[in-house]
Amino acid sequence: MIDEEITLKKLEVFLAFMRLHSLARVSEELGQSTVSVHRALHSLEEGLRCPLFRREGRNLAPLPAAYAFAKHAQRAVSETEEGVRKVRELAGFAGGRLKIGSLYSLTLRCIPQLLMGLKLRRPELQIDLTLGSNQELLRGLDEGRLDAIVIGLQAPLDDAQLLAVPLFEDEVHLAAPLGSPYAGRTHVDLRDLHDAKFITLGGGFVTSDSFDHAFRQAGYTPETIMRVSDIFSLINLVSGGMGYSLLPGRVAEFSTRIELIPLDARYASHQTISLIVSKSRERDPNLLALAAECRMYGKGQRLGNLAG
């Protein structure tokens, strides 16, 4: 049995003394009083039930037993430190790597700015970025393959195990090729496109949900001639005249060959771009830094909108 007087904290004090050979220097290094250092060493001897030091004036001189014990104590402390590091890393807490998931449509401005800010806060952090749909990213978060995701929410998050940090609101527009009959309009009535052909993203994307929501408001199901798996292909198909689509305003800068026209207020469909993390990890230092950066980004967006 290991006596309760033998603790890892006392072993750390003991090893510091064996290295520095001075109560005052150990006190300075560990931020403890010399009385506390001396008390820790004395109680360690009591726990071992044998002396480790002999008194020389106001200081202590290690006995052979102290040198023998130091080798084992060092291994115990080192193994414990390594175990703590590995367990925390395995659980994703304050490890040296953070796995973030994002929508493709956020890679122009939002994600690069967040990642640059995060690296300034935690320069040693290695970041892996995974792009995908809402569905894919939520699954990755649930299975532990991702530590945090930045996605769009068509409706408030309905999961008690997850936390959401909103960044900004985005509005869905009609995406039309340049020179379309709707070019230059201040808004468009979706009922005017009853006979038009549409292209949209496949299921699992928030923009696909927004597409369905807007047309439910319009009261009909549009003719969808194609579903694609990424927003860049969709933009190219719209710009080539294959059909219309509904896209969020944030994609406007991806192409100068399409026009985004606001929808009539009756068919308004909004997305809330949000950071999503597991509630069980809300105190993880890496995720706290990311959340702080997201709040800064959101504040900047709101101030920009007010200035505009």
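Since the structure is predicted, the reported quantities are computational estimates derived from the model, not experimental observations.

1. Comments concerning the UniProt feature "domain: HTH lysR-type" (unreviewed entry) in the chain
- In the numbering adopted here, UniProt assigns the feature "domain: HTH lysR-type" (unreviewed entry) to residues 6-63.
- For residues 6-63, the end-to-end C-alpha separation is 18 Å, with 62% helix and 14% strand making up the annotated structure.

2. A short note on the packing of aromatic side chains
- Tallied over the full model, the rule gives twelve aromatic pairs.
- Among the aromatic residues, ring-to-ring pairing joins Tyr182, Phe198, Phe211, Phe215, Tyr220 and Tyr244 into one connected group.

3. Side note on helix H6 (residues 134-142)
- Among all positions in H6, only Asn134, Leu137, Gly140 and Leu141 are buried. Looking straight down H6, one finds that the buried residues subtend no more than 130° of arc, so they occupy a single side.
- For H6, the secondary structure elements touched by its buried residues are strand E3 (97-102), strand E4 (126-131), strand E5 (148-153), strand E6 (162-177), helix H7 (206-218) and strand E11 (270-278).
- The first or second residue beyond H6 is Gly144, which carries a positive phi of 85°.

4. A closer look at the pattern of salt bridges
- Enumeration over the complete set of coordinates arrives at 17 salt bridges.
- Here Glu253 and Arg109 are joined by a salt bridge, their closest N and O atoms 2.7 Å apart. Of this pair, Glu253 sits in the loop between strand E9 (245-248) and strand E10 (258-262) while Arg109 sits in the loop between E3 and helix H5 (110-121), and the two are 144 residues apart along the sequence.
- Ionic pairing is found between Glu143 and Arg145, a salt bridge with its closest N-O pair at 2.9 Å.
- We classify Glu143 as partly exposed; its relative accessible area is 49%.
- Judged by relative accessible area, which is 45%, Arg145 ranks as partly exposed.
- When salt bridges with common partners are traced through the structure, they connect Asp189, Arg191, Asp264 and Arg266 into a single cluster.

5. Details of the layout of surface pockets
- By volume, the largest pocket amounts to about 280 Å³.
- Around the largest pocket sit 15 residues that line it, and Phe168, Asp170, Arg250, Tyr297 and Gln301 are the ones nearest its centre.
- Partitioned by chemical class, the residues of the lining of the largest pocket number six nonpolar, four polar and five charged.

6. Some remarks on the nonpolar core
- Counting 33 residues, the largest nonpolar core has Leu106, Leu114, Leu167, Leu275 and Leu290 as the members making the most contacts within it.
- In terms of residue count, helix H9 (residues 285-307) provides more of this core than any other element does, six residues in total.
- Core analysis: the second largest hydrophobic core is formed by 22 residues, Leu11, Leu15, Ala16 and Ala66 among them.

Conventions adopted
Residues numbered from 1 in each chain as written. Predicted model: local features only at pLDDT ≥ 70, side-chain atom pairs only at ≥ 80, totals over all residues. Heavy atoms only, no water. UniProt positions renumbered as here; feature names shortened; annotations may be inferred. Helix = DSSP H or I, 4+ residues; strand = E, 2+ residues; numbered from the N terminus. Phe/Tyr/Trp six-rings, centres within 6.5 Å; stacked < 30°, edge-to-face > 60°. Buried < 20%, exposed > 50% of the residue type's maximum accessible area, 1.4 Å probe, protein only. Arc of directions from axis to C-beta. Contact = heavy atoms within 4.5 Å. Salt bridge = Lys/Arg side-chain N within 4 Å of Asp/Glu carboxyl O. 1 Å grid on protein atoms, 1.4 Å probe; cavity = no way out; pocket = protein on both sides within 12 Å on 5 of 7 lines; lining within 4 Å. Points joined across faces, edges and corners; volume = space filled by probe spheres on them. Nonpolar A, V, L, I, M, F, W, Y, C, P; charged D, E, K, R; others polar. Core = buried A, V, L, I, M, F, W, Y, C linked by side-chain atoms within 4.5 Å.

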